[in-house]
Amino acid sequence: GPQGQVTISVRSTANMIMTFWDMNGPANLVKDASEVRVPLLWVSGAHDPSQLPKEAGFDKAPPWPLNRYAKVDADHMETPDAAADIVVEWLRELKR
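Everything quoted here is computed from the prediction, not taken from an experiment.

J.: I keep staring at the overall build of the protein and nothing clicks. Help me out?
T.: A count of helices and strands for the protein gives four helices and two strands. Starting at the N terminus and ending at the C terminus, the protein contains elements arranged as α-α-β-β-α-α. Principal-axis analysis of the C-alpha atoms places the extent of the protein at approximately 45 × 30 × 25 Å. A buried classification covers 24% of the 96 residues belonging to the protein. Of the contacts formed within the protein by residues at least 6 apart in sequence, a portion of 66% connects residues at least 24 apart. Here the protein has roughly 7400 Å² of accessible surface; of this, 60% comes from carbon and sulfur atoms. Charge centroids of the protein, computed over 10 positive and 13 negative side chains, lie 7 Å from each other.

See below:
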């Protein structure tokens, strides 16, 4: 995948952009992780500079036996495809 800085086009409203950067808004993963009340699967791309360290995000979630953290060899855009098998296996675990 691409290395270094990548430019993408985004269509959004000013309110959506401001909400994204609002530390008290709905996109604050550190705050949100601490409020999760169900099992959590957190997948990070090893080459995605937008990812929080595990300690700053996933580790803030309340412990559940089925919580899982995975790091895949992918950048931001490749992470969903790289995580597909991990997601399917975790969903199977939830079903058991």
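J.: Looking at this model, I keep getting lost on the nonpolar core. Mind explaining?
T.: As a rule of thumb, nonpolar side chains are buried together in soluble globular proteins. Counting seven residues, the largest nonpolar core is built from L41, V43, A70, V72, A74, A83 and W90. Among the elements of the structure, β1 (41-45) and β2 (68-72) are those that each provide at least two residues to this core. If we skip the residues at most four places from it in the chain, L41 touches R68, I86, V87 and W90. Within the second largest apolar cluster, six residues are counted, among which are V36, L40, W42 and A61.

Analysis parameters
Residues numbered from 1 in each chain as written. Predicted model: local features only at pLDDT ≥ 70, side-chain atom pairs only at ≥ 80, totals over all residues. Heavy atoms only, no water. Helix = DSSP H or I, 4+ residues; strand = E, 2+ residues; numbered from the N terminus. Buried < 20%, exposed > 50% of the residue type's maximum accessible area, 1.4 Å probe, protein only. Contact = heavy atoms within 4.5 Å. Areas by Shrake-Rupley, 256 points an atom, 1.4 Å probe, with all protein chains shown as cover. Lys, Arg positive; Asp, Glu negative; His and termini not counted. Charge placed at Lys NZ, Arg CZ, Asp CG, Glu CD. Core = buried A, V, L, I, M, F, W, Y, C linked by side-chain atoms within 4.5 Å.

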